[in-house]
Amino acid sequence: IFTHAQSEFWIGHVDQLEGRFDRALAHYEAYLRWSRRLENVEPRNARSALEMGYALSNIAILRSDEQKDYAGALKL
């Protein structure tokens, strides 16, 4: 689960760097779903909490900084 979550993050990161924000957001949202699964499997593991935080912050930053969707960034 962790490895798949990481692959979604890195693909999204490359898309974000290349200006493909919609594609990046789709991968970041997949990263969030996998991070939630990790948290369900390892609820007391610090890594699970960190991944959730990273996933949520990546989506919020992309929505606010790149898409200027401030309301969407706050809805997470």
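Please read all numbers here as calculations on a predicted model, not as lab measurements.

Peer 1: Just checking my understanding: could you explain helix α2 (residues 21-41) for this structure?
Peer 2: Within an α-helix, residues lying three or four positions from one another point in the same direction, as the helix has 3.6 residues per turn. With 21 residues, α2 extends 30 Å from end C-alpha to end C-alpha; this agrees with the ideal 30 Å at 1.5 Å per step. Here α2 has its buried residues at A24, L25, Y28, A30, Y31, L32, S35 and L38. The inward-facing, buried residues of α2 contact α1 (2-17) and α3 (46-66).

Peer 1: Hey, could you run me through the nonpolar core in this one?
Peer 2: Grouped burial of nonpolar side chains is what soluble globular proteins tend to show. Counting 11 residues, the largest nonpolar core is built from A5, F9, A24, L25, Y28, Y31, L32, M52, A55, I59 and L62. Listing elements by their share of this core, those giving two or more residues are α1, α2 and α3. With 5 residues, the single largest contributor to this core is α2. Setting aside its immediate chain neighbours within four residues, A5 contacts Y31, W34 and S35.

Peer 1: For this particular structure, what's the right way to read the environment of A49?
Peer 2: By the secondary structure assignment, A49 is in helix α3. Judged by its relative accessible area of 48%, A49 falls in the partly exposed class. For the pair A49 and L38, spaced 11 residues apart in the sequence, the C-alpha separation amounts to 9.0 Å.

Peer 1: In this structure, what is going on with the packing of α1 against α2? I would like to understand it.
Peer 2: Think of two packed helices as two axes; the pair is described by the angle between the axes and how far apart they sit. Closest axis-to-axis distance for the α1/α2 pair is 8 Å, and the angle between their directions is 160 degrees. It follows from the interaxial angle that α1 and α2 lie roughly antiparallel. You can see that α1 and α2 cross each other, and the crossing is left-handed. Touching F2, H4, A5, Q6, E8, F9, I11, G12, H13, D15 and Q16 of α1 are F21, R23, A24, H27, Y28, A30, Y31, W34, S35 and L38, all from α2. In terms of residue class, the contact of α1 with α2 is built from 11 nonpolar, 7 polar and 3 charged.

Parameters and conventions
Residues numbered from 1 in each chain as written. Predicted model: local features only at pLDDT ≥ 70, side-chain atom pairs only at ≥ 80, totals over all residues. Heavy atoms only, no water. Helix = DSSP H or I, 4+ residues; strand = E, 2+ residues; numbered from the N terminus. Expected span 1.5 Å × (residues − 1). Buried < 20%, exposed > 50% of the residue type's maximum accessible area, 1.4 Å probe, protein only. Contact = heavy atoms within 4.5 Å. Core = buried A, V, L, I, M, F, W, Y, C linked by side-chain atoms within 4.5 Å. Axes fitted to C-alpha atoms, helices over the stretch in contact; angles between N-to-C directions. Parallel < 35°, antiparallel > 145°, perpendicular 65-115°, else oblique. Left-handed = near helix turned anticlockwise from the far one by under 90°. Nonpolar A, V, L, I, M, F, W, Y, C, P; charged D, E, K, R; others polar.

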